[in-house]
Each structure stands twice: as C-alpha cells, then as structure tokens.
Amino acid sequence: AEAGNLGDKLKSRINGLETRLANVRKSQRNLVSRITRSTAGDIKRLKRLIARTGLKPEKLMASVLNGRTGRGGPFIPLSGSDRKPSELDGALATLYGHIDRWDGLQQVIRRLPLASPVDHYYVASSYGKRRDPLNKKWSVHRGVDLAGRMRQKIRSVAPGRVKYAGWKGRFGRYIEIDHGHGIITRYGHLRRLKVKRGQKVTHRQIIGLLGSSGRSTGPHLHYEILVNGKHVDPIKFVNAGKNVFK
C-alpha cells in the first residue's frame, strides 16, 4: 500500500515536471520566434538603408562575410540512435542564420561612408554632368563640391587607412582613404592635411582643413566615393546616413 501510494506520488510529480518542461520548451520556442521576427525586421531596415545609397546589400554583405563563415567537413547522416532535431533545434538554426546576416549588415553599415565630411556646407556642384567652373565647357564631375568656410574641419566619414596624403595636381592638397571592402573616399582642395599615408583613421576623425588649393575658384571640398573602382554619388550616401545618425 505504501509502495502504491509512493508510486502515485511519483507519477504525479513526473507529470508535473513534464508539464513544466513542456511549458519551458514552449516559452523557448516563443522567445526564439520573437527574436527571429525582430532580427528579420532589422535586416529589412538595414538592407533598405544600404539600397538608398544605390548599392546592392547582398553583394556588399558577401564581401564582408567572405572567409568569416567558412564551414565544411564530411556529411554524416543521422542514424537511428541519434536524437532527431526538435522544433526548437530548427527554430534556433533559422535564428542563427538571421543573426549571421544581421551581423554582416552591421559590419557593412560601419564601413559605409554615411556621414558628411563637413559639418556646415552647401552643394556648390553636384555629381555628374556640369559646366566647368573655369572654362564653362560641359564636363563630367566624379564627385560633389561642398562649399564652406575656409579652414573648416574635414572629417573621415568611416574608419579606414590613409592611402594617399599630399599634393595631387589639380586636386591640390588631397587625401584618399581605403575603408575596406572596395570602398574608397577622396578629399581634394584642402588647405592643410592632418593625416599621413598609412595612418589608421576612425569615424569622424579630423583629417584636414577646408581650403582652395589646386584648380579651384574658392573654398570648398571636392568629395568622391568609389565602390570597387566605380564612382558613385556621395550625396546619396549622405542622405541615407541621415536616417542612421538621427
């Protein structure tokens, strides 16, 4: 009789523990599901932000993740003695994939030149076709001219390394920064340089002072962005960055 009573108590306790375990698993699945939905929303937001610059998010992310997510090994199928993946295992695998993409997009955003190199300016000359300011003939402008106050601080728009710092013909005092992943920024007509070739720079670090050196009609910054060797419109990046730095 005592053994029977003890057995009933143990069964009741086991049932209670199984119920609690089922509730814990359900809570875990719900939590993973919420995190997955939130991460998916962040991924869409970051991809839309990158797309505003005119670049393709997937292509940029592939260059960032290349070599970082290497995986391999022989394929060994599950046997009868192996535990089959649960619903939670599948949900976690999906979440880990989302986190990899989210992290890759975050790395892309950190390297993109989304800030303005000058705090106070107006666009004196846009990207693309224009009348040359000196000879008035039609020409192609590979960057934008940001006119401002003489000696105004010029800042790096993203972390990187200085590829060139010195005099460069009609650009006058000139700086070129490699931000990695095929992204390069150029700054021309400076009055003074504050960095040297090979130097690492951080986001928003002062790299020079606005001036009018070289082929120039007045104080301004000639600013260029190249992605994989191709010029792109810097203003698209500055406008996209306004959503990041709010």
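Everything here concerns the structure above.
Residues numbered from 1 in each chain as written. Predicted model: local features only at pLDDT ≥ 70, side-chain atom pairs only at ≥ 80, totals over all residues. Heavy atoms only, no water.

A.B. asks: Can you break down the packing of aromatic side chains residue by residue, with the values?
C.D. replies: Counting across every chain of the model gives three aromatic pairs. Centroid distance Tyr164 to Tyr174: 5.7 Å. Interplanar angle 65°. Geometry classified as edge-to-face. On the criterion of sequence distance, the pair formed by Tyr164 in strand S6 (residues 160–167) and Tyr174 in strand S7 (residues 173–180) is long-range, its members being ten residues apart. Overall, Tyr174 belongs to the buried group, its relative accessible area being 2%. A ring pair is formed by Phe171 and Tyr174, whose centres lie 5.3 Å apart and whose planes are at 40°; its orientation type is tilted. (Phe/Tyr/Trp six-rings, centres within 6.5 Å; stacked < 30°, edge-to-face > 60°. Helix = DSSP H or I, 4+ residues; strand = E, 2+ residues; numbered from the N terminus. Buried < 20%, exposed > 50% of the residue type's maximum accessible area, 1.4 Å probe, protein only.)

A.B. asks: Tell me what's going on with the packing of helix H1 (residues 2–51) against helix H3 (residues 87–111), and back it up with residues and numbers.
C.D. replies: One way to put it is that H1 packs onto H3 with a least axis distance of 9 Å and a crossing angle of 25°. Comparing the axis directions of H1 and H3 gives the class roughly parallel. Between H1 and H3 lies a crossing whose hand is left-handed. Here the contact of H1 with H3 is composed, by residue class, of 16 nonpolar, six polar and five charged. (Axes fitted to C-alpha atoms, helices over the stretch in contact; angles between N-to-C directions. Parallel < 35°, antiparallel > 145°, perpendicular 65-115°, else oblique. Left-handed = near helix turned anticlockwise from the far one by under 90°. Nonpolar A, V, L, I, M, F, W, Y, C, P; charged D, E, K, R; others polar.)

A.B. asks: So what's going on with the environment of Lys59? Residues and values would help.
C.D. replies: Among the secondary structure elements, Lys59 is positioned in helix H2 (residues 57–65). Spatially, the C-alpha atoms of Lys59 and Ile235 are 21 Å apart, while their sequence positions differ by 176 residues.

A.B. asks: Before we move on, could you go through the side chain of Ser213 and cite the residues and values that matter?
C.D. replies: Here Ser213 lies in the loop between strand S10 (206–210) and strand S11 (220–227). Here Arg173 takes part through its backbone nitrogen, which lies 2.9 Å from a polar atom of the side chain of Ser213. Apart from the residues lying within four places of it in its own chain, the contact partners of Ser213 are Trp167, Arg170, Phe171, Gly172, Arg173, His189 and Leu190. (Polar contact = N/O pair within 3.5 Å; in protein donor to acceptor, adjacent residues only side chain to side chain. Contact = heavy atoms within 4.5 Å.)

A.B. asks: Can you break down H1 residue by residue, with the values?
C.D. replies: For H1, with 50 residues, the first-to-last C-alpha span of 73 Å sits near the 74 Å given by 1.5 Å per residue. Residues Val32, Thr36, Thr39, Ile43, Leu46, Leu49 and Ile50 constitute the buried set of H1. (Expected span 1.5 Å × (residues − 1).)

A.B. asks: Go over a positive patch on the surface, please, and point to the residues and values.
C.D. replies: Taken together, the side chains of Arg151, Lys153, Arg173, Arg191, Arg192 and Lys194 make up a positively charged region of the molecular surface. Within the secondary structure, Lys194 is located in the loop between strand S8 (183–193) and strand S9 (200–201). (Patch = residues over 30% accessible without salt bridge, like charges linked within 9 Å, V, L, I, M, F, W, Y side chains within 5 Å. Areas by Shrake-Rupley, 256 points an atom, 1.4 Å probe, with all protein chains shown as cover. Salt bridge = Lys/Arg side-chain N within 4 Å of Asp/Glu carboxyl O. Lys, Arg positive; Asp, Glu negative; His and termini not counted. Charge placed at Lys NZ, Arg CZ, Asp CG, Glu CD.)

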